[in-house]
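As a plain string of letters, each chain reads:
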Amino acid sequence: MAESSYPQQDVTYRAPIGSVDLKAFDDDGNSYEIRACHDCLAWHAEVVVVDGEVLVREWHAVGCPQFQELIRG
């Protein structure tokens, strides 16, 4: 079995969570598709407006591999 490049982290509902804001639309005005994160139970998303720009705010457990990739991005 292949080993994960991430150490085992708490990704349950009780885990500490963090958020990242992502563009809701590409440069042509097409909306991005939002897909649930299957790596953490705490994942959820919301649409927010920041400085007049529509963004998708994704919340993840801070130990979630996808969250770590997004914030290192």
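Reading guide: rules and limits
Residues numbered from 1 in each chain as written. Predicted model: local features only at pLDDT ≥ 70, side-chain atom pairs only at ≥ 80, totals over all residues. Heavy atoms only, no water. Helix = DSSP H or I, 4+ residues; strand = E, 2+ residues; numbered from the N terminus. Buried < 20%, exposed > 50% of the residue type's maximum accessible area, 1.4 Å probe, protein only. Contact = heavy atoms within 4.5 Å. Salt bridge = Lys/Arg side-chain N within 4 Å of Asp/Glu carboxyl O.

### A short note on the environment of Ala42
Turning to its location among the elements, Ala42 is positioned in the loop between strand E1 (17-23) and strand E2 (44-50). Residue classification places Ala42 among the buried positions, given a relative accessible area of 9%. Between the alpha carbons of Ala42 and Val11 there is a distance of 6.8 Å; along the sequence they are 31 residues apart. Excluding its chain neighbours within four sequence positions, the residues that come into contact with Ala42 are Val11, Thr12, Tyr13, Ile17, Trp59 and Ala61.

### What to know about the pattern of salt bridges
The tally for this structure, following the rule as stated, stands at 3 salt bridges. Of the charged contacts in the structure, one is a salt bridge between Arg57 and Asp21, with a shortest N-O distance of 2.6 Å. Remark: Asp21 occurs in strand E1 and Arg57 occurs in strand E3 (residues 53-61); sequence separation between them is 36 residues. Among the residues examined, Asp21 registers a relative accessible area of 35% and is labelled partly exposed. The salt bridge involving Arg35 is made with Glu33; its shortest N-O contact spans 3.0 Å. Taking the relative accessible area as the measure of exposure, Arg35 reaches 60% and is therefore exposed.

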